[in-house]
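# Examining the three-dimensional arrangement
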Amino acid sequence: MPLARSLSVTSLSGLEDWEEDFDLEDAVLFEIAWEVANKVGGIYTVIQTKARLTCEEWGDNYFLVGPYMESSVRTQVELIEPCNPALRRTIDKMNASGCKFAAQCDSPPHIVAHFHEWLAGLGLVLCRQRQLPVATIFTTHATLLGRYLCAGNVDFYNNLAEFNVDKEAGDRQIYHRYCLERAAARCAHVFTTVSKITAIEAEHLLKRKPDVVTPNGLNVKKFSAMHEFQNLHAQSKARIQEFIRGHFYGNLDFNLDKSVFFFIAGRYEFSNKGADLFLEALARLNYLLRVNHSEVTVIAFFIMPARTNNFNVETLKGQAVRKQLWDTAQTVKERFGKKLYESLLIGQLPDVSKMLDKEDFTIIKRAIFATQRQCQPPICTHNMLEDSSDPILTCIRRIGLFNSSSDRVKVIFHPEFLSSTSPLLPMDYEEFVRGCHLGVFPSYYEPWGYTPAECTVMGIPSVSTNLSGFGCFMEEHIADPSAYGIYILDRRYRGVDESCNQLTSFLFQFCQQSRRQRIIQRNRTERLSDLLDWRYLGRYYISARHMALAKAFPDTYCYELQDPTSVSLSATQGFRYPRPASVPPSPAHSLHSSPHHSEAEDDDEEERYDEDLEAEKDRLNIRQPYSSTYRLQNSVPEKN
């Protein structure tokens, strides 16, 4: 669910608006993608969240083109008549004949056509083949061949220069699609991709270096007070705790107040998304917590859709038992309160031994017997159709995390996207993320990574990798990402076992943090949300469109390229946050930083920590974003 935006990134001191003098009144922008009003993956989020900013720039000259899906049209599209006469004639002819062709008008505007992914690439290739007066942009959010190669468990990033791309595509029976993607990338006036790591991949697999890196953003809602998003975290966490009470009824032998919630979510790509590494790290974390006699319990959620036929009966029973116990407690509470009230009315101190009678004890005993369980809490909340061969369940059987009483790490596999209408866990995804303590996304192949980005804008720390676009972006913009709750796992230059040990270390250090340290870290994480706002990242899309106009219509538009490398891979270099002066990211880094761990976390003797003061120090260190110089040809100043 996209987040609303109420505060611009320009509210940050030190970050000024770019001075753009491009005249767009005589230009029209078409953005073409298979996921326009058609939710399939992350591209849908890119287009939907970016639409507001693009409309502010282009107004009525901005059009989105996608497949006509009746179900999506009813819920996501408002049917209106186009105000542009040429466009109206085109649509009328298309409706009459079923063919797509451009209508003629007296003064044709300058057209920019932005194509996303190979599914829309054919239109770009035909535009160039027919020599249409259209400025074209092609954006690859993930290369087709790269996704297939990584799914085959190959050492992808260390062998990029060695692949025979034609043979690899042919062996996987995707050669026709690969050729279409490569042709679109080669024919476009401007070729872009979403991250530096994907730019390297595209250069080797599609044989063209991207002109601009256009990171994905979000519409970020800023709260007027810092404690507001912390309150939302507490409310959502309480709802997750209620689910935990039902799921582990009869085996609730751990303290929920000393429990932390980890989660991984996304498409069910067991290796690409890093679920295999996460499970192995959880097994090692379980050992560390046990040998160190830690009081912390970790509840790890796997939110990945898989084939199921219904809810697990034992899981549903757990929620029913929890509700029954709550109703019983309320009944006894009302009876107790009535007797207490009557005792106070007559001016006598209540006799505690008589406040609960035999009937009350009978009700309580029946409730206690109802919580008895002869089996361990279930791992999976649903009945899996392929239980014996499911990768997550198979790995859990191998590492032995069965939610036993001795385990300090508990695992819950929810093979369905979250929904507020679910009878099991009635929460939408945004609310669930807010209630968790840490998102873990140790992906091997992740061109961008919206899941950790969504965690960041909601103030939830996350684990990413240096093979994800998000991880690379944060490493570039933050001097010490872990101090801001962004843990970057090295999966590019380390082996699997080393990466697993590093992830285990991250998780163990997080478990050692006090509640106060976690609160401070969430404040820092939420402060990074401005980095991911379209108000900032949308400027790279603006640069790409201006560059395309200048290349396609050099007589009208021109641009000055300062440095070839500065416009491509270093285009995302903007402001950079320094390491905070106080509070270590985890207790393992320092023994003397403030605030230090204390048995009494509200102790007044602790060194004072001013979150607002530290936030202002960070904002004063913000660097200017990248800026290119674009202008109209007729507005070029005369040389002296």
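Scroll up for the structure.
Here's what I pulled together on the structure shown here. (Residues numbered from 1 in each chain as written. Predicted model: local features only at pLDDT ≥ 70, side-chain atom pairs only at ≥ 80, totals over all residues. Heavy atoms only, no water.)

## Description of a nonpolar patch on the surface
Together, Trp34, Val40 and Leu119 line one region of the surface with nonpolar side chains, adding up to about 310 Å² of accessible area. With respect to the helices and strands, Leu119 occurs in the loop between strand S3 (110-116) and helix H4 (121-129). Given the relative accessible area of 47%, Leu119 is considered partly exposed. (Patch = residues over 30% accessible without salt bridge, like charges linked within 9 Å, V, L, I, M, F, W, Y side chains within 5 Å. Areas by Shrake-Rupley, 256 points an atom, 1.4 Å probe, with all protein chains shown as cover. Salt bridge = Lys/Arg side-chain N within 4 Å of Asp/Glu carboxyl O. Helix = DSSP H or I, 4+ residues; strand = E, 2+ residues; numbered from the N terminus. Buried < 20%, exposed > 50% of the residue type's maximum accessible area, 1.4 Å probe, protein only.)

## Concerning unusual backbone geometry
In terms of backbone geometry, most residues other than glycine have negative phi values and most peptide bonds are trans. We note that Gln131 has phi near 55 degrees; this positive angle belongs to a residue other than glycine. Within the element layout of this structure, Gln131 appears in the loop between H4 and strand S4 (134-140). Given the relative accessible area of 70%, Gln131 is considered exposed. The backbone of Gln173 sits at a positive phi, close to 60 degrees, despite the residue not being glycine. By the element assignment, Gln173 lies in the loop between helix H6 (165-171) and helix H7 (175-187). The exposed category is assigned to Gln173, whose relative accessible area is 66%.

## Some details on the sheet that holds strand S11 (residues 409-414)
Taken in spatial order, the six strands make up an open sheet running S11-S8-S7-S12-S13-S14, and their pairing is parallel. The sheet is open, and its two edges are formed by S11 and strand S14 (486-489), each paired on a single side. Going from strand to strand, the sheet's axes swing by 25 degrees on average, the running direction of each strand aside. Bridging between strand S7 (residues 259-265) and strand S8 (residues 297-303) involves seven bridges; their strand directions are parallel. Bridge pairing in S8 links Phe263 to Phe301. Docked against the sheet, helix H16 (residues 450-457) engages S7, strand S12 (438-440), strand S13 (462-465) and S14, running at close to 145 degrees with respect to S13. (Pairing = 2+ DSSP bridges. Axes fitted to C-alpha atoms, helices over the stretch in contact; angles between N-to-C directions. Contact = heavy atoms within 4.5 Å.)

## Some details on the layout of surface pockets
There is about 1,400 Å³ of room inside the second largest pocket. Along the wall of the second largest pocket there are 47 residues; nearest its centre are Val40, Gly41, Gly42, Ile43 and Arg267. Of all the secondary-structure elements, those providing two or more residues to the lining of the second largest pocket are helix H1 (42-58), helix H5 (144-151), S7 and H16. At six residues, H1 tops the list of elements feeding residues into the lining of the second largest pocket. (1 Å grid on protein atoms, 1.4 Å probe; cavity = no way out; pocket = protein on both sides within 12 Å on 5 of 7 lines; lining within 4 Å. Points joined across faces, edges and corners; volume = space filled by probe spheres on them.)

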